[in-house]
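# Results of the structural survey
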Amino acid sequence: MTKDKEYQVSIGKTIEKDLHELTFEFQTLREFTTFQYNLQIEDSSMPANNHFQFKIGGMVMPLTAMPHTGHATARIKFPCPADGTYFVEFLKKNHRNMFRIEISAEDMKIIELPEDKQFVELMVKRD
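Described in the following lines is the structure provided in the data block.

Okay, the packing of aromatic side chains next. In the structure shown here, the tally under the stated rule is 11 aromatic pairs. On the basis of an interplanar angle of 80° and a centroid distance of 5.1 Å, the ring pair of phenylalanine 32 and tyrosine 37 is categorised as edge-to-face. Judged by its relative accessible area of 9%, phenylalanine 32 is buried. Taking the centre distance of 5.9 Å and the plane angle of 80° together, the rings of phenylalanine 90 and phenylalanine 99 count as edge-to-face.

Rendered as structure tokens:
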């Protein structure tokens, strides 16, 4: 992890109530000491076209009675897609990070990193 990266995104498969899902968990690398914010993520993904796209926006305070400290976070879930190769694209202002991942029933792995300066650290979460 370098100082240039602002976000960590974990991608993993989950099973909830017999529903197989692909989960993207977003987190800022910066930890906030006053509040724990929610990240605003605009999802323009088209898994049927082998493309996930997320535009990372600002942060908002969650509606909770007691404030918490920590990283700003967000979570987006999809039905588990078919085996294959997928593009995962992150956009922020004038920056873009494009990864390529391979998903199979047994495994998931990152097969290509962005050519541009990375502001997202993408990780495969294994349970």
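Pairing geometry for strand S1 (residues 7-16) and strand S2 (residues 19-32), over 10 bridges, is antiparallel. If you follow glycine 12 over to S2, its bridge partner there is threonine 23. Taking the residues between adjacent antiparallel strands as the criterion, S1 and S2 are bridged by 2 residues, where lysine 17 takes a positive phi near 55°. In terms of strand pairing, S2 meets strand S5 (residues 70-79) through 9 bridges, oriented antiparallel. Note on S5: the bridge partner recorded for phenylalanine 26 is alanine 74.

So, about the pattern of salt bridges. When the charged atoms of two side chains with opposite charge come close together, those side chains can pair. Evaluation of the coordinates by the stated rule reveals 8 salt bridges. Between lysine 92 and glutamate 6 there is a salt bridge whose closest N-O contact spans 2.6 Å. Of this pair, lysine 92 sits in strand S6 (residues 84-92) while glutamate 6 sits in the segment before S1, placing them 86 residues apart in sequence. The salt bridge partner of lysine 77 is glutamate 21, with a shortest N-O separation of 3.7 Å. Placement of lysine 77 in strand S5 and of glutamate 21 in strand S2 is noted, with a sequence separation of 56 residues between them.

What follows concerns the nonpolar core. Counting residues in hydrophobic clusters, the biggest one holds 26 residues, and the most contacted among them are Phe24, Phe26, Phe54 and Phe90. Listing elements by their share of this core, those giving two or more residues are S1, S2, strand S3 (38-43), strand S4 (51-60), S5, S6, strand S7 (95-103) and strand S9 (120-124). Those residues in contact with phenylalanine 24, other than ones at most four positions away along the chain, are Val9, Ser10, Ile11, Phe52, Phe54, Ala74, Arg75, Ile76, Phe78 and Val88.

By secondary structure assignment, the location of asparagine 97 is in strand S7. Classification of asparagine 97 by relative accessible area gives buried; the value is 0%. In contact with asparagine 97, not counting residues within four places along its chain, are Val88, Glu89, Phe90, Pro114, Asp116, Lys117, Gln118, Phe119 and Val120.

Definitions and limits used
The residue numbering used here restarts from 1 in each chain and proceeds along that chain's sequence as written. Predicted model: local features are reported for residues with pLDDT of at least 70 only, side-chain atom pairs are reported and counted for 80 or more only, and whole-chain, interface and lining totals are derived from all residues. Only hydrogens and water are set aside when side-chain values are computed; all heavy atoms of the structure are taken into account. Pairing of aromatic rings covers Phe, Tyr and Trp, the last through its six-membered ring, and needs centres within 6.5 Å; plane angles under 30 degrees mean stacked, over 60 mean edge-to-face, and all others mean tilted. Buried means the residue's accessible area, taken with a 1.4 Å probe over protein chains only, is under 20% of the maximum for its type, while exposed means over 50%, and partly exposed covers the values in between. Being paired, for any two strands, means DSSP has found at least two bridges between them. Secondary structure counts use DSSP, requiring at least four H or I residues in a row for a helix and at least two E residues in a row for a strand, with both numbered from the N terminus. We count a salt bridge whenever a side-chain nitrogen from Lys or Arg sits within 4 Å of a carboxyl oxygen from Asp or Glu. The term nonpolar core refers to a set of buried residues drawn from Ala, Val, Leu, Ile, Met, Phe, Trp, Tyr and Cys, joined through side-chain atoms within 4.5 Å. Here, residues are in contact when the closest pair of their heavy atoms is within 4.5 Å.

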